[in-house]
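# Results of the structural survey
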Amino acid sequence: MILISTNLGQQIRTISILGLALFVFCSSSFAKKKGQQQPFKILAKTLPKSYLPEPSKRDTETILRIQIFLDENNFGPGKIDGRMGQFTRKAVAHYNFSKGVKYDNYFNVVRNSEGKIKDLFTTYTIKDKDLTFVGEVSLEPEEQSKIEYMYYRSTLEFVAERFHTDENFLTKINPEIKWDQIGIGTEIKVPNVTPFEIEKIESFKSFKKDRKLSNRLVIVDTNQKLLAIWEKKKILATFPITPGQEKFIHRGKWVIQNMLTTPTFRWDQSMLETGKRSNEAFMLPPGPNSPIGIFWAGLNKAGIGLHGTASPHTIGRSRSAGCVRLANWDVVRLSNLVRPGTEVEMR
């Protein structure tokens, strides 16, 4: 069941997606006679013009196009990899809800993605400046506190995050590249998505209240591992998250108090394990491999916020110490969607 709801005044809005497991099972294999897989486009011709089921897992091109389209429209599918995972399904469901379409009807998202996303891939050429964001970073907080920046540990990691994907998918679509020998001028095949350009992020930039953006509502669903942004009766965006451990989740209504790019992080083992601050801590520098990534939105609850991550591949698949983690390419969008003063409802 997927549940993202909001109560504004006396209006209650709920997306309730029931029987998802049954639907996924039933739609996962549309076959020809003799057990062969039927192409998605051929299947589409046999169905009503206004309805399409979930694409077969073998139809990676359609899935990849849908993922790119959803990502471009702020309905985050998680990492872009051509696989129909839980967050791609949830992104489709909420995109459909925003358009008044039944959650499991893929007609609109397939048609719209075909109209908007002509090329699934593009080419990225490594530049001299890119390599300034790559360097050695210890796994030990004490050693991390001694460096000036939490670099990407490899060019592969840099490119993967830049194009909203993971290292496995990049190596798969670039079988000829020797990643340990990559250098300036190397051309890399990447998903055709708006890149996360870390070089354009201003250091320590804060954000003020905004009459429109501060009046929006953020709902954090810790069970479905989703963050949704509402404006009155309209859902504007959803992003996958990693919520805090159950014992550290601060359910209730909070308010964003501050927003900051490239934050530093006070690493305190006691705070992470017990929720209690100690005198033994290390101040970690900013950077994409900081435990809180490249963006922080602090709530009016000490030490709790919405922030980035050093491990985007773990989003939705692990638990944090108490905050709400998003992939860096998602969290950096928050300043264009909400501002200090925005209410955050943690569920």
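Calculation criteria
Residues numbered from 1 in each chain as written. Predicted model: local features only at pLDDT ≥ 70, side-chain atom pairs only at ≥ 80, totals over all residues. Heavy atoms only, no water. Helix = DSSP H or I, 4+ residues; strand = E, 2+ residues; numbered from the N terminus. Buried < 20%, exposed > 50% of the residue type's maximum accessible area, 1.4 Å probe, protein only. Polar contact = N/O pair within 3.5 Å; in protein donor to acceptor, adjacent residues only side chain to side chain. Contact = heavy atoms within 4.5 Å. Lys, Arg positive; Asp, Glu negative; His and termini not counted. Salt bridge = Lys/Arg side-chain N within 4 Å of Asp/Glu carboxyl O. Expected span 1.5 Å × (residues − 1). Phe/Tyr/Trp six-rings, centres within 6.5 Å; stacked < 30°, edge-to-face > 60°. Lys NZ or Arg CZ within 6 Å of the ring centre and 35° of its normal. Core = buried A, V, L, I, M, F, W, Y, C linked by side-chain atoms within 4.5 Å. pLDDT = per-residue confidence, 0-100.

Position of Asn289 relative to the elements: it lies in the loop between β10 (282-284) and β11 (295-299). What makes Asn289 buried here is its relative accessible area of 5%. Among the polar contacts made by the side chain of Asn289, one reaches the main-chain carbonyl oxygen of Tyr151 at a distance of 2.7 Å. Asn289 has contacts with Met150, Tyr151, Tyr152, Arg153, Glu157 and Ala310, leaving out every residue within four places of it along the chain.

Relative to the assigned elements, Glu161 resides in helix α7 (residues 155-162). Look at Glu161: it is buried, it has no salt bridge, and the nearest opposite charge is Arg162 at 9.1 Å. Setting aside chain neighbours within four positions, we find Glu161 in contact with Tyr152, Phe196, Pro288, Thr309, Pro312, Asn328 and Trp329.

The end-to-end C-alpha separation of helix α4 (residues 86-99) is 20 Å, in line with the 20 Å expected for 14 residues at 1.5 Å each. Burial within α4 is extensive, with eleven of its 14 residues counted as buried. In the stretch just after α4, Gly100 is the one whose phi turns positive, near 75°.

Below, the discussion takes up the packing of aromatic side chains. Counted by the stated rule, this structure contains ten aromatic pairs. For the ring pair Phe69 and Tyr95, a centre distance of 5.4 Å and an interplane angle of 85° mean the geometry is edge-to-face. On the criterion of sequence distance, the pair formed by Phe69 in helix α3 (residues 60-72) and Tyr95 in helix α4 is long-range, its members being 26 residues apart. Pair check on accessibility: Phe69 and Tyr95 agree, each one buried. The interplanar angle of 15° and the centroid separation of 6.5 Å between the aromatic rings of Phe133 and Phe158 together place this pair among those described as stacked. With Phe133 in the loop between β3 (121-125) and α6 (141-144) and Phe158 in helix α7, this pair connects stretches of sequence that are 25 residues apart. Ring pairs connect the aromatic residues Phe133, Tyr149, Tyr151, Tyr152 and Phe158, which therefore count as one cluster. Here the basic side chain of Lys189 rests over the ring of Phe121, its NZ or CZ set 4.3 Å away from the ring centre.

So, about the nonpolar core. Core analysis: the biggest nonpolar cluster contains 78 residues, and Val109, Ile198, Val220, Leu227, Ile229 and Leu306 have the highest contact counts within it. When residues in this core are grouped by element, the largest group, six residues, is from α3. Excluding its chain neighbours within four sequence positions, the residues that come into contact with Val220 are Leu226, Leu227, Ile241, Leu306, Val324, Val344, Glu345, Met346 and Arg347. Counting residues in hydrophobic clusters, the runner-up holds five residues, among them Leu217, Ala228, Trp230 and Ile235.

Turning to the pattern of salt bridges, a few remarks are in order. Counted under the stated rule, the structure contains twelve salt bridges. The salt bridge involving Glu197 is made with Lys200; its shortest N-O contact spans 3.1 Å. Judged by relative accessible area, Lys200 falls into the exposed class, the value being 60%. A cluster of three or more residues bridged by salt bridges with shared partners is formed by Asp71, Asp330 and Arg333.

This part is about the confidence of the model for the chain. Averaged over every residue, the pLDDT of the chain is 87; residues scoring 70 or more account for 84%. Confidence drops under a pLDDT of 50 for residues 1-39, and excluding neighbours within four residues, the segment shows 75 contacts in the predicted structure.

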